[in-house]
Amino acid sequence: MRHQNKHNALGRTSSHRKAMLANMSSSLIMHKRINTTVAKAKELRTFVEPVITIAKEDTTHSRRTAFAILSDKEAVKELFRVVAPKIAARPGGYTRILKTGSRPGDNSNMCFIELVDFNELLLGGGEQKAAEEKAKPATRRGRRKKTDDGAAATEKAPKAKKAKEAEAGA
C-alpha cells in the first residue's frame, strides 16, 4: 500500500532518486540557479527547502545533518557561509520555479529553479528601475536648475531681459 508516499518517484528507484535530488540540491546551492524539468524541480523544492531551514542555525549538529543529506562538503560550506545569512529573515519559500517552455527533443516541460534571494536580475532590476523613476521629472517641460543658494538659474533669463529692454527702448 502507498500510505503517505506522496512524492513523485520520477521513474527511479528510491536510492537513485535520493542521490539525484542530493546532487541537484548541491548544484542549486553552488550555482543558485539550475535548469531542469518541472517535475524534478517540484520534487527538488520539497527536498532542498528543509535543508536550507536547517542551515539557518549554524551549529555542528546542523552542519552534520546538512552534510548527511547533501553528501557534498563544498555545498555545505556554501550553504552555511553564503546562503544561510542571506535567507535568515525569510520564514520559508526559499526557491522559485520559472517555467521556460518545452525541450526540443522530447517536449518535456522545462524550467529554472533558483534561490529567491540570489536572482540579481529581479533584485537589481527593481532597485535600478526605482532609481530611474525618481530621476525623471514629473512633467514633460524642462525645469530650472537650482544653484547652491536655492535661487533658480537659467540660461534663458538674461536673454529674456535683453529682449524686454530692447522692446521698451524701441
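Look up: the structure comes first, before these words.
Everything numeric here is computed off the predicted structure, so don't read it as measured data. (Residues numbered from 1 in each chain as written. Predicted model: local features only at pLDDT ≥ 70, side-chain atom pairs only at ≥ 80, totals over all residues. Heavy atoms only, no water.)

Engineer: How should I be thinking about the packing of aromatic side chains in this particular structure?
Structural biologist: Any two aromatic rings considered together are summarised by their centre-to-centre distance and by the angle between their planes. Within the structure shown, the criterion is met by 0 aromatic pairs. Over the ring of phenylalanine 112 we find arginine 33, and its NZ or CZ is 4.2 Å from the ring centre. Stacked on the ring of phenylalanine 118, the Lys or Arg lysine 86 has its end atom at 4.6 Å from the ring centre. (Phe/Tyr/Trp six-rings, centres within 6.5 Å; stacked < 30°, edge-to-face > 60°. Lys NZ or Arg CZ within 6 Å of the ring centre and 35° of its normal.)

Engineer: Where do I start with unusual backbone geometry in this structure?
Structural biologist: In terms of backbone geometry, most residues other than glycine have negative phi values and most peptide bonds are trans. Of note, the phi angle at leucine 10 is positive, near 60°, even though the residue is not glycine. With respect to the helices and strands, the residue leucine 10 is situated in the segment before helix 1 (14–31). Despite not being glycine, asparagine 107 shows a phi value in the positive range, around 65°. (Helix = DSSP H or I, 4+ residues; strand = E, 2+ residues; numbered from the N terminus.)

Engineer: Where do I start with the nonpolar core in this structure?
Structural biologist: What tends to happen in soluble globular proteins is that the nonpolar side chains get buried as a cluster. One finds Leu28, Leu44, Ile52, Leu70, Leu79 and Val83 to be the most contacted residues of the largest nonpolar core, which totals 28 residues. Every element with two or more residues in this core is listed here: helix 1, helix 2 (38–55), helix 3 (60–70), helix 4 (73–86) and strand 3 (109–115). Per-element tally for this core: the top contributor is helix 2, with 7 residues. Residue contacts for leucine 44: discarding those within four places in its chain leaves Leu21, Met24, Ser25, Leu28, Ile34 and Ile113. (Core = buried A, V, L, I, M, F, W, Y, C linked by side-chain atoms within 4.5 Å. Buried < 20%, exposed > 50% of the residue type's maximum accessible area, 1.4 Å probe, protein only. Contact = heavy atoms within 4.5 Å.)

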